[in-house]
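# Observations on the model geometry
The lines below spell out each chain.
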Amino acid sequence: MTVIDIPGSKSVTARALFLAAAAQGTTTLLRPLVSDDTEGFAEGLGSLGYAVRRESDAWHIEGRPAGPGADTADVYCRDGATTARFLPTLVAAGHGTYRFDASPQMRRRPLGPLSTALRTLGVDLRHGGKDGHHPLDVHAHGVKGGALTLDAGQSSQYLTALLMLGPLTAEGLDITVTDLVSEPYVEITLAMMRSFGAEVTQEGRTYRVAPTGYRARTYGIEPDASTASYFFAAAALEPGRSVTVPGLGTGALQGDLGFVDVLRRMGADVEITDAGTTVRSTGTLRGLTVNMRDISDTMPTLAAIAPFADGPVRIEDVANTRVKECDRLDACAENLRRLGITVETGPDWIEIRPGTPTGPAEIATHGDHRIVMSFAVTALRTPGITFDDPGCVKKTFPDFHRVFDAFVHTP
C-alpha cells in the first residue's frame, strides 16, 4: 500500500485567506496549499494592504475587519476563480477604490450573478469590458446588508462569496438561492465561517447571516480531495495497487471525497476512517450512470478512466463544467476521441464507451490543470500520451508530475 501526502485543499485555503483577512486578530493557517492560485490570492491581499507572512508550512494573516489597508489598489487575479470572485466581494465591505483584472482565461469565466448581487446591495461595481466579466472596479463604501435573490446555478462560488461577506455588513444578509450547483462547497463555507465565529442559519434555500464579524484563530488546511481523486482513480485502475491519503477521512469538509463512492460503485474497495481514505483495486471497473452535479470537479477524473470499464460510463448533470478553466465536457470528449474512444456529449452529460485507448497522442489541455492530471491516469495504461501544456498543473499542484511519477513507480 502506498501512502500519499496530498497538498492542502485549494478551496479551503482560499476561504481561509478571506476569513483570516476579515477577522479580528492574527490568524495562522497550517499546511496551506502553495500553488499559483493561492499565491495569487495571498499576493492580492498584500496589494490591498493586508499583512501576510508566509513560512514553509504556515501562513500568518493580520486581519482587518474594517477592510483593506490601502485606499486604492490594482489586483491581478491570475487564473484564480476564487481570487477573482472573493477579493472584490471582500473589499466591498471596506472603503476605497479597487481595480481587479485577470488572465485571458479568467476573463472568459462568468461573474455576472455575483456582480448583480453586489449591486443589489448598493456596491458601486463597474465592469471595464464585457459586462459580467473581468476587469472590474469596486468603489467601496461599506455594505449595509439586506435581502437578495441569487442564481448560483453556474457556480457555488457566487454564494460562498456573499455568505462570507455577510458578517462584515452592518445589518447582516438574507440570501435566497434559486438554483445551486456543487452544494457541498457551500457546506465547506458554512463550516469554516462558523469556526471563525460567524452565525449562519438556513431555512430551505434561504441563508441568514448575522453581522457578527469574525475572530482570528489557528486553522489547519486538510488535503485537497479533488487532487486526491487522481491517485484514487489510479489505484482503482491498476490491478494489485492501493493508495491511502491520510488526513482526508470521515471528518473531511470537502464533498469531492465523494468521488471514492463512485469508485466503490465501479468495483473498487474503499475504506474511509477518521485517519484517512484507502482505495484498492479489485481488478474490475464496472460501467455506470452517475450524477456528478455535487462533485463536478472530479468529472474529468472519471472520464479519464471510463474507457477501461466493462460497460458504458455516463456522467450527468455537469453543465457547469462547461464554464470552468475550459469547457471540460468538450475537452474530455476531444481527447478521448484522439485516443480512439467512442464518446457522445450533450448539454450537461457525457457518455463514454468501453475501449482500449491507443497512443501516441498529444492531449489538448486548454491550459486546464484538471485535464492534465486526469489524463495522466489514462497514461498509466496508454503508452505515448503527452501534453501540450504539462506545466499548467502549477495552478493547484506544481509538483504533480514528480509526485505522480513516484507513486506510479512505487511497488
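Look up a bit, the structure's there.
We now turn to the structure provided with this report. (Residues numbered from 1 in each chain as written. Predicted model: local features only at pLDDT ≥ 70, side-chain atom pairs only at ≥ 80, totals over all residues. Heavy atoms only, no water.)

Turning our attention to unusual backbone geometry. Here the bond from His134 into Pro135 is cis, since omega is 5°, no more than 30 degrees from zero. Position of Pro135 relative to the elements: it lies in the loop between β8 (124-127) and β9 (136-141). Looking along the chain, the bond that leaves Gly359 and enters Pro360 is cis, with omega of 0°. Looking at the secondary structure, you find Pro360 in the loop between β22 (350-352) and β23 (361-363). (Helix = DSSP H or I, 4+ residues; strand = E, 2+ residues; numbered from the N terminus.)

Let's shift gears to the pairing of strand β18 (residues 276-280). Burial of β18 is extensive: four of the five residues sit out of reach of the surface. Two elements, strand β16 (residues 242-246) and β18, share five bridges in a ladder whose sense is antiparallel. Pairing of Thr244 across the sheet is with Thr278, part of β18. (Buried < 20%, exposed > 50% of the residue type's maximum accessible area, 1.4 Å probe, protein only. Pairing = 2+ DSSP bridges.)

In this structure, Leu159, Leu162 and Tyr214 are the most contacted members of the largest nonpolar core, which totals 73 residues. Top contributing element to this core by residue count: helix α1 (residues 10-22), with nine residues. Counting 67 residues, the second-largest nonpolar core is a separate cluster that includes Phe232, Ile305, Ile352 and Val372. (Core = buried A, V, L, I, M, F, W, Y, C linked by side-chain atoms within 4.5 Å.)

A word on the pattern of salt bridges. Using the criterion set out here, one finds 31 salt bridges in the structure. Ionic pairing is found between Arg322 and Asp330, a salt bridge with its closest N-O pair at 3.1 Å. The network of salt bridges with shared partners includes Lys10, Asp37, Arg109, Asp297, Lys324, Glu325, Arg328, Asp368 and Lys395. (Salt bridge = Lys/Arg side-chain N within 4 Å of Asp/Glu carboxyl O.)

As a further point, take the packing of α1 against helix α7 (residues 183-195). Running from N to C, α1 and α7 cross one another at 40°; their axes reach a closest spacing of 10 Å. The interaxial crossing formed by α1 with α7 has right-handed handedness. Touching Ser11, Val12, Arg15, Ala16 and Leu19 of α1 are Tyr185, Ile188, Thr189, Met192 and Met193, all from α7. Of the residues belonging to the contact of α1 with α7, the class tally is seven nonpolar, two polar and one charged. (Axes fitted to C-alpha atoms, helices over the stretch in contact; angles between N-to-C directions. Left-handed = near helix turned anticlockwise from the far one by under 90°. Contact = heavy atoms within 4.5 Å. Nonpolar A, V, L, I, M, F, W, Y, C, P; charged D, E, K, R; others polar.)

The next thing to look at is helix α5 (residues 112-120). If you check which residues of α5 are buried, you get Leu114, Ser115, Ala117 and Leu118. Buried residues of α5 fall within an arc of 165° about the axis and therefore sit on the same side. Where α5 is buried, its residues touch α3 (81-92), β8, β10 (146-152) and α6 (157-165). Where α5 ends, the next residue or the one after it, Gly122, has phi of about 95°, a positive value. (Arc of directions from axis to C-beta.)

Okay, the environment of Gly249 next. Within the secondary structure, Gly249 sits in the loop between β16 and α9 (259-266). C-alpha separation for the pair Gly249 and Gly276, spaced 27 residues apart in sequence, amounts to 4.1 Å. Among all residues touching Gly249, those that are not within four sequence positions of it are Leu257, Ile272, Thr273, Asp274, Gly276 and Thr277.

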